[in-house]
Amino acid sequence: MHSATAASGAALDITGLTRVFGRGEARITAADGISLNVPAGQSVAVTGRSGSGKSTLLHLLGAIEQADAGTILVDGQDITRLRARKLTEYRRSVGFVFQRFHLLPALTVLDNVLAPVLPRRTSYDKQERALDLLGSVGLAGREHSLPAQLSGGQQQRVALARALIDTPRLLLADEPTGALDTTTGAEVMDLIVRLGREHGTTVLIATHEEAVAEGCDRRLRMRDGRVVSDSRPE
Ligand SMILES: Nc1ncnc2c1ncn2[C@@H]1O[C@H](COP(=O)(O)OP(=O)(O)O)[C@@H](O)[C@H]1O
Ligand SMILES: [Mg+2]
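All residue numbers here refer to positions counted from 1 along the written sequence of the relevant chain. Think of it this way: whatever chain is written first is A, whatever ligand is written first is 1, and the rest follow in order. Local features in this predicted model are restricted to residues of pLDDT 70 or higher, and side-chain atom pairs are both shown and tallied only at a pLDDT of 80 or more, whereas totals for entire chains, interfaces and linings draw on every residue. Calculated side-chain values reflect all of the structure's heavy atoms, with hydrogen atoms and water omitted.

## Remarks on the pattern of salt bridges
What makes a salt bridge here is a side-chain nitrogen of Lys or Arg within 4 Å of a carboxyl oxygen of Asp or Glu, nothing more. Throughout the structure, instances matching the rule amount to eleven salt bridges. Of the charged contacts, one joins Arg226 and Asp32 as a salt bridge, the two residues approaching to 2.8 Å between their closest N and O atoms. A residue pair is termed long-range when its members are at least 10 positions apart, and Arg226 in strand S10 (residues 226-231) and Asp32 in strand S2 (residues 28-38) qualify at 194 residues. The partly exposed category is assigned to Arg226, whose relative accessible area is 44%. By relative accessible area, which is 26% here, Asp32 ends up partly exposed. For Asp166, the salt bridge goes to Arg120, with nearest N and O atoms at 3.2 Å. In DSSP terms, a helix is any run of H or I states spanning at least four residues, a strand is any run of E spanning at least two, and both are numbered starting from the N terminus. Whether a residue is buried, partly exposed or exposed follows from its accessible area with a 1.4 Å probe, protein chains only, as a fraction of its type maximum: under 20%, in between, or over 50%, in that order.

This is the structure we're talking about:
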């Protein structure tokens, strides 16, 4: 079932997930005992106002921030308890897309997409895969451009191709449309959901723009570190 090009997405089983920032009067519970199940391959919009805990949830899921309590089972493995080597391995199985594209300005589009796998041996032809992905995000022929020569929407497409280069089990997108105009944002959003489906990737997209969430399989709404609504597909 597993191959480099057809990964199956991760199934998530989150229980009592808690993250607290600061202490005393400044104490903020950014994740307040979140429990959540996400089947493999589902696309989930995480909505809610600024400060509701969307980014914190994504950071905990990507293991770039540590939980204070709770468990996150990813295909049955608790990633809150991983040690250094396994943690690195896990982080590599996660793709990230951010609001600001974070492309390396001195590298071509192609090299930006290749950056996560450049120092590593892979079971697939990296260059071929990068060019394939650039095609699927509508940037065929732009591989030798520099990021500054592209529009914002195009740069976010490059960032999406980069996030998918190593066939992640989980794709986390944090306000991916936040720096884009409405139309371009909607296009990027559709692309994230569509490519997630094509690759079987589990996708979580944090957004404070409710409309952005429409194409997803499921929508969560967060408030004060909790999931306050969960609308599932019929
Ligand atoms: N590194 C941090 N230090 C202190 N407080 C933080 C930190 N990260 C997030 N917070 C706080 O946690 C809450 C949730 O933040 P965040 O997860 O970024 O929300 P959202 O992404 O929904 O805007 C906010 O009150 C925010 O100020
Ligand atoms: Mg945020």
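## Let's talk about the packing of aromatic side chains
Note on aromatic contacts: the rings of Phe and Tyr and the six-membered ring of Trp form a pair at centre separations within 6.5 Å, being stacked when their planes are under 30 degrees apart, edge-to-face when over 60 apart, and tilted otherwise. The full count for this structure, using the stated rule, is one aromatic pair. Seen from their ring centres, Phe96 and Phe98 are 5.4 Å apart, and the 5° between their planes marks the pair as stacked. Phe96 gets classed as buried once you look at its relative accessible area, which sits at 17%. Its guanidinium or amino end placed over the ring of Tyr124, Arg129 lies 5.8 Å from that ring's centre, counting from NZ or CZ. Comment: the charge-over-ring label is applied if NZ (Lys) or CZ (Arg) is within 6 Å of the ring centre and within 35 degrees of the ring normal.

## Comments concerning the nonpolar core
Within this scheme, the nonpolar core is defined by two criteria: the residues are buried Ala, Val, Leu, Ile, Met, Phe, Trp, Tyr or Cys, and they are joined through side-chain atoms within 4.5 Å. In terms of nonpolar packing, the biggest core is built from 37 residues, with Leu134, Val137, Leu160, Leu171, Ile192 and Ile205 touching the most fellow members. Of all elements in the fold, only helix H3 (109-114), helix H4 (126-136), helix H5 (152-164), strand S7 (170-174), helix H6 (182-199) and strand S8 (202-206) reach the threshold of two or more residues within this core. Discounting residues that sit within four places of it in the chain, Val137 has contacts with Arg157, Leu160, Ala161, Leu191 and Leu195. In what follows, residue pairs with any heavy atoms lying within 4.5 Å of each other are defined as contacts.

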